[in-house]
Amino acid sequence: MSPTVPLPSAEPENPLWQQEARRQFPIVIAHPELAYLDSAATSQKPRAVLEAVQTYLTTSNANAGRGTYPWANRTTELVESTRDRIKEFLHDPEPDRSGVHFTSGTTEGLRTVARDWLVPCLADGDEILVPYGDHRANLDPWIEARRLLAERGVQVRVQALPYQTGSGDYDHRALDRAVGPRTRFVAATHVHHVYGGDMNVHRIREAVGPDVAICLDAAQSIGHLPVHVDDPSLDVDFVVFSGHKAMALPGSGAIWARNARGPEFRPDGWQGTPNTTGIVSLKAALDWLDTVGPERVAHWTTLLATRLTDRLGRLGSYEVLGCQASLSADSTLAAAQRRRGIVTFRHHDIPSDDLGFILFSHGFMVRADNLCQAGADARDASVRVSLHVYNTVEEIDRLLSVLASLA
Ligand SMILES: Cc1ncc(COP(=O)(O)O)c(C=O)c1O
């Protein structure tokens, strides 16, 4: 279970710390007439990240791990110290930094785990469990792994991680039944990019036992809530995330590997020049996020999401998808703690892509399509509001008044 998030209060105001955090985003401050509500797609960048990149490029830009002159040494040092920073951010107490690998984002990270770790690990008759209703970035690599193995004559069974109907959570009881003696691996998601729910990864560990490897797609949780790998309730083997969703530059991201179950994770082949500016931005982003505090970000975005969900539910013309809908009916502490800063909905009559355009004409930047959900097509389009620390109560209330006028 993720760390406890306090229950949202009924009438939130933007607290001082949040106002100060919002002021750190030049693009947000420059456009008070707009509301950026698409942070699940990518986050805005705080001044500290922009400055770190500018400082690096204007004082010591060079390649990493190659030259011996000061700029090259400085770049190498920045890259290596970012591995340590990632471990620290994830509360990994082990001193060995070999388990941290840079990638261009979650998609490449998951593909790398599949190709370079899972494929060599599996034997004929092994089984893996994968999420057929999550982001397709967390499905395609595992299906591809099965194909690669089949080419070598190794037949692996891919089972669908079962879901509960309606809530968007995995069905942990059905999971108990799906796990067998040949289950070797589970691919799971920390926070669902459509339903906004915390997917209760601790229940997956309970179901599969201590020996099965779990790979966590943390694209929607890093930077949004504490992700601590020393927490026994987050006993996973890989954490994969995108820097750009966590306030760093696009093209940055990382895989963290525990290296305790199965062989040590070593991506294959020559890695080439790392994305040094992206890595510099990632370090600055993690520093900034730790200063603000992922707990506070989680509390704040949950509070805004709750306000939106509850009021949207009362308008009558909207269907809120996934756990956000079920939570309005179930306001117990445990359920409220599962709610995160993503709210996805449909209008009963207005197509979602039209609704997206209408909302932008009022200054709201939301996502309106099939959200890259595995198996979804244009008919499954919905509107997603995804929040971060810079969003405000006023933005939510303005959005609600436009949505009410369309109801
Ligand atoms: C849950 C989840 N996984 C994976 C991805 C893919 O991330 P990226 O495009 O940064 O590789 C996303 C992006 O939205 C996501 O939400």
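Asker: Quick question: what am I supposed to make of the domain arrangement of the protein here?
Answerer: Interfaces are frequently sized by the accessible area removed from exposure as the parts join. Annotation of the protein at the domain level lists domain 1 (16–46 + 293–406) and domain 2 (50–291). Relative to domain 2, the C-alpha centre of domain 1 lies at a distance of 26 Å. Each partner contributes to the interface: domain 1 provides 29 residues, whereas domain 2 provides 31 residues. Elements with a contribution of two residues or more to the side of domain 1 that touches domain 2: α10 (294–315), α11 (323–329) and β10 (342–347). Broken down by element, the side of domain 1 that touches domain 2 gets its largest block of residues, 6 residues, from α10.

Asker: Looking at this model, I keep getting lost on the site of the ligand. Mind explaining?
Answerer: Of all residues adjacent to the ligand, which total 13 residues, the nearest are Gly 105, Thr 107, His 193, Ala 219 and Ser 242. Here the residues of the shell around the ligand are counted per class, giving 3 nonpolar, 9 polar and 1 charged.

Asker: How should the sheet that holds strand β2 (residues 100–103) be read in this particular structure?
Answerer: Pairing between the strands of a sheet is mediated by backbone hydrogen bonds and can be parallel or antiparallel. Overall, mixed pairing links the 7 strands, which are arranged β2-β8-β7-β6-β5-β3-β4 in an open sheet. At either end of the open sheet lies a strand with only one pairing partner, and these are β2 and β4 (157–160). Strand-to-strand twist across the sheet, computed as the mean angle between neighbouring axes with direction ignored, equals 15°. Inspection of the sheet shows strand β6 (residues 213–217) paired to strand β7 (residues 238–242) by 3 bridges, in the parallel sense. What sits directly across from Leu 216, in β7, is Val 239.

Asker: Would you mind going over helix α3 (residues 47–59) with me for this structure?
Answerer: Since the α-helix advances by 3.6 residues per turn, residues separated by three or four positions end up pointing in the same direction. Between its terminal C-alpha atoms α3 stretches 18 Å, which fits the 18 Å expected from 13 residues at 1.5 Å a residue. Residues of α3 that are buried include every one of Val 49, Ala 52 and Tyr 56, and no others. Taken around the axis of α3, the buried residues stretch over an arc of 60°, which confines them to a single face. With respect to the buried face of α3, the exposed residues turned more than 90 degrees away are Glu 51, Gln 54, Thr 55, Leu 57, Thr 58 and Thr 59. Turning to α3, the residues buried within the fold contact α9 (276–292).

Asker: Explain unusual backbone geometry to me, please; I cannot follow it from the model alone.
Answerer: Among all residues except glycine, the phi angle is most often negative; among peptide bonds, the trans geometry is most common. Residues other than glycine seldom take positive phi values, yet Asn 200 does so here, at roughly 55°. Here Asn 200 shows up in the loop between β5 (183–189) and α8 (201–208). Accessibility expressed as a C-beta count within 10 Å gives 19 for Asn 200, which makes it partly exposed. The backbone of Cys 372 sits at a positive phi, close to 55°, despite the residue not being glycine.

Asker: Help me understand α9 in this model?
Answerer: The end-to-end C-alpha distance of α9, which contains 17 residues, comes to 25 Å, matching closely the 24 Å that a straight helix rising 1.5 Å per residue would cover. In terms of burial, α9 is largely enclosed, as 12 of its 17 residues are buried. What α9 keeps buried is the set Thr 276, Gly 278, Ile 279, Val 280, Ser 281, Leu 282, Lys 283, Ala 284, Ala 285, Leu 286, Trp 288 and Leu 289. Residues of α9 that are buried make contact with α3, α4 (70–89), β2 and α10. Just downstream of α9 lies Gly 293, where phi reads positive at about 100°.

Asker: Explain the sheet that holds strand β13 (residues 382–386) to me, please; I cannot follow it from the model alone.
Answerer: Spatially, β9-β10-β13-β12 is the arrangement adopted by the 4 strands of the open sheet, whose pairing is antiparallel. Bordering the open sheet on either side are β9 (318–320) and β12 (367–369), each of which pairs with just one other strand. On average, each strand axis in the sheet is inclined to that of its neighbour by 30°, with strand direction left out of account. Both β12 and β13 contribute to a ladder of 3 bridges, which runs antiparallel. Bridging from a neighbouring strand, Arg 367 pairs with Arg 384 of β13. Across the sheet, helix α13 (residues 352–361) is in contact with β10, β12 and β13; its angle to β12 comes to roughly 155°.

Asker: Could you clarify how one ought to interpret the packing of α3 against α9 in this entry?
Answerer: The relative placement of two packed helices is expressed as an angle between their axes plus a distance between the axes. Their axes nearest at 8 Å, the elements α3 and α9 cross at an angle of 145°. As α3 packs across α9, the resulting crossing turns out to be right-handed. Together, Ala 48, Val 49, Ala 52, Val 53, Tyr 56 and Leu 57 of α3 and Thr 277, Val 280, Ser 281, Ala 284, Ala 285, Asp 287 and Trp 288 of α9 make up the contact between the two elements. Among the residues forming the contact of α3 with α9, the class breakdown is 10 nonpolar, 2 polar and 1 charged.

Asker: Which parts of the structure should I look at to understand the environment of Leu 321?
Answerer: With respect to the secondary-structure elements, Leu 321 resides in the loop between β9 and α11. Residue classification places Leu 321 among the buried residues on the basis of 23 C-beta atoms within 10 Å. Separated by 23 residues in sequence, Leu 321 and Thr 344 place their C-alpha atoms 5.6 Å apart. Apart from residues no more than four positions distant in its own chain, Leu 321 is found in contact with Val 194, Tyr 195, Thr 344, Phe 345 and Ser 382.

Rules behind the numbers
- Residues numbered from 1 in each chain as written.
- Predicted model: local features only at pLDDT ≥ 70, side-chain atom pairs only at ≥ 80, totals over all residues.
- Domains from an automatic or database assignment.
- Contact = placed C-beta atoms within 7 Å.
- Helix = DSSP H or I, 4+ residues; strand = E, 2+ residues; numbered from the N terminus.
- Near = placed C-beta within 6 Å.
- Nonpolar A, V, L, I, M, F, W, Y, C, P; charged D, E, K, R; others polar.
- Pairing = 2+ DSSP bridges.
- Axes fitted to C-alpha atoms, helices over the stretch in contact; angles between N-to-C directions.
- Expected span 1.5 Å × (residues − 1).
- Buried ≥ 20, exposed ≤ 12 C-beta atoms within 10 Å, placed from the backbone.
- Arc of directions from axis to C-beta.
- Left-handed = near helix turned anticlockwise from the far one by under 90°.

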